[in-house]
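In case you want the letters, here they are:
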Amino acid sequence: MKKITLLFGLIIGAILSANMIVMVNMIYTNADVKGNDAVGYAAMVVMFSLIFFGVRNYRNNHLNGFITFGKAFRIGALIALVASTMYVVVWLLYYYLFVPDFMDVYADYVLEKCTKEDLPARTAQMENMKELYKNPLFVILMTYAEVLPVGLIVTFISALVLKKSAA
């Protein structure tokens, strides 16, 4: 089980991390990037869909084709946790070593897209986020909150689909 959770978790984590670095660089180099949260989360669902294949691999190769919902969920959750942890570690290293001014750049990016009516509220929101981002614990928690819930949702669905009892 450890081998499968690490293998699939690291593969997903590498893909998530590469995607994140590309998106951050796009924001830095091109102010005309059209960000879309729905597309971003849909891409995460696609990346996390590898959890399905990890759980299925474990079920078929180690449990003779049978697995309970609980066991399937546990394996998928571990894969999601490994992937999310890799994503968090890469973000922390990338943020603190290469883009320490990211929140200023991101705030400018967000505020450029605002309408005049939304500008005061969004400006206050971005200033609050910049202040919160000064705390590394907050950065860690927010980064986990970006990806781990998506992984757990995919895990839940995968466990439902893959559960198969011996009787």
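Within any chain, residue numbers begin from 1 and follow the written order of that chain's sequence. Where totals are concerned, whole chains, interfaces and linings use all residues; where local detail is concerned, this predicted model gives features only for residues with pLDDT of at least 70, and gives and counts side-chain atom pairs only at 80 or more. Water and hydrogen atoms play no part in the side-chain values, which are based on all heavy atoms of the structure.

### Here we look at the pattern of salt bridges
This is how the line gets drawn: Put simply, a salt bridge is a Lys or Arg side-chain nitrogen that is within 4 Å of an Asp or Glu carboxyl oxygen. Helical segments are the DSSP runs of H or I of at least four residues, strand segments are the runs of E of at least two, and each set is numbered from the N terminus.
Counted according to the given criterion, the structure contains three salt bridges. Between lysine 130 and aspartate 104 there is a salt bridge, with the nearest N and O atoms lying 3.3 Å from each other. With lysine 130 in helix α6 (residues 119-132) and aspartate 104 in helix α5 (residues 102-112), this pair connects stretches of sequence that are 26 residues apart.

### Digging into helix α2 (residues 37-48)
What counts is decided by this rule: To estimate how far a helix should reach, multiply one less than its number of residues by 1.5 Å. Contact definition: two residues touch when any of their heavy atoms are within 4.5 Å.
Here α2 contains twelve residues, and its C-alpha end-to-end distance of 16 Å stays within 8% of the 16 Å for a straight helix at 1.5 Å per residue. On its buried side, α2 packs onto α1 (2-29), α3 (50-62), α4 (69-97) and α7 (136-162).

### Section: a nonpolar patch on the surface
Here is the rule: A patch consists of residues exposed above 30% relative accessible area that lack any salt bridge, with like charges linked at up to 9 Å and nonpolar side chains (Val, Leu, Ile, Met, Phe, Trp, Tyr) linked at up to 5 Å. Residue-level accessible areas treat just the shown protein chains as cover; the underlying method is Shrake-Rupley with a 1.4 Å probe.
On the surface, Val89, Leu93, Tyr96, Leu97 and Phe98 cluster together to form a nonpolar patch covering roughly 530 Å² of accessible area. Within the element layout of this structure, phenylalanine 98 appears in the loop between α4 and α5.

### Side note on the environment of proline 136
For clarity, the threshold we go by: Only protein chains enter the area calculation, which uses a 1.4 Å probe; residues under 20% of their type maximum are buried, those over 50% are exposed, and those in between are partly exposed.
If you trace the backbone, proline 136 turns up in helix α7. By relative accessible area, proline 136 is classed as partly exposed at 41%. Separated by 78 residues in the primary sequence, proline 136 and tyrosine 58 have C-alpha atoms spaced 36 Å apart.

### Here we look at the nonpolar core
The condition is simple: In this description, a nonpolar core means a group of buried Ala, Val, Leu, Ile, Met, Phe, Trp, Tyr and Cys residues linked to one another through side-chain atoms lying within 4.5 Å.
Among the nonpolar cores identified, the biggest contains 36 residues, and Leu16, Phe48, Ile51 and Trp91 are the most heavily contacted of them. Broken down by secondary-structure element, the contributors of at least two residues to this core are α1, α2, α3, α4, α5 and α7. Here this core takes eleven residues from α4, the largest share from any one element. The residues touching phenylalanine 48, leaving out its near neighbours within four places in the chain, are Ile12, Leu16, Ala80, Ala83, Ser84, Val147, Val150, Gly151 and Val154.

### What to know about α7
Every α-helix winds through 3.6 residues per turn, so residues three or four apart in the chain are directed the same way. So the rule is basically this: Note on bend: at a given residue it equals the angle between the axes fitted to the 7 residues ending there and to the 7 starting there. In protein, a polar contact means a hydrogen-donor-capable atom and an acceptor-capable atom, both N or O and within 3.5 Å, with residues adjacent in sequence counting only if both atoms are side-chain atoms; elsewhere, any N or O pair within 3.5 Å suffices.
Taking 1.5 Å per residue as the helical rise, α7 with its 27 residues ought to reach 39 Å, and the 38 Å between its terminal C-alpha atoms agrees with that figure. Along its length, α7 reaches its greatest deviation from straightness, about 35°, at alanine 145, and the proline proline 149 lies no more than four positions downstream. Within α7, burial applies to Phe138, Val139, Thr143, Val147, Leu148, Val150, Gly151, Val154, Thr155, Ser158, Ala159 and Leu162. Looking at the buried positions of α7, the neighbouring elements they touch are α2, α3, α4 and α6. Regarding α7, its N-cap is asparagine 135, as a side-chain oxygen of that residue lies 3.0 Å from the backbone nitrogen of leucine 137 further along.

### A closer look at unusual backbone geometry
Trans peptide bonds make up most of the peptide bonds, and negative phi angles are found at most residues other than glycine. Not every positive phi belongs to a glycine, and asparagine 64 is a case in point at roughly 55°. Relative to the elements of secondary structure, asparagine 64 occurs in the loop between α3 and α4.

### Considering the packing of α5 against α6
This is how the line gets drawn: For helices, the axis comes from a line fit to the C-alpha atoms of the stretch in contact; other axes are also lines fit to C-alpha atoms, and the angle between any two N-to-C directions lies between 0 and 180 degrees. Should an angle lie under 35 degrees it is considered roughly parallel, over 145 roughly antiparallel, and from 65 to 115 roughly perpendicular; all remaining angles are considered oblique. By definition, any crossing whose near helix is turned counterclockwise from its far helix by less than a right angle is left-handed, and any crossing with a clockwise turn is right-handed. Residue polarity is assigned by list, with Asp, Glu, Lys and Arg as charged and Ala, Val, Leu, Ile, Met, Phe, Trp, Tyr, Cys and Pro as nonpolar; anything else, Gly included, falls into the polar class.
Taken N-terminus to C-terminus, the directions of α5 and α6 make an angle of 165°; their axes are 10 Å apart at the nearest point. Looking at the two axes, α5 sits roughly antiparallel to α6. The way α5 lies across α6 gives a crossing that is right-handed. Seen from α5, the contacting residues are Met103, Asp104, Tyr106, Ala107, Val110 and Leu111; seen from α6, they are Leu119, Arg122, Thr123, Met126, Met129 and Lys130. Looking at the contact of α5 with α6 residue by residue, the classes come out as eight nonpolar, one polar and three charged.

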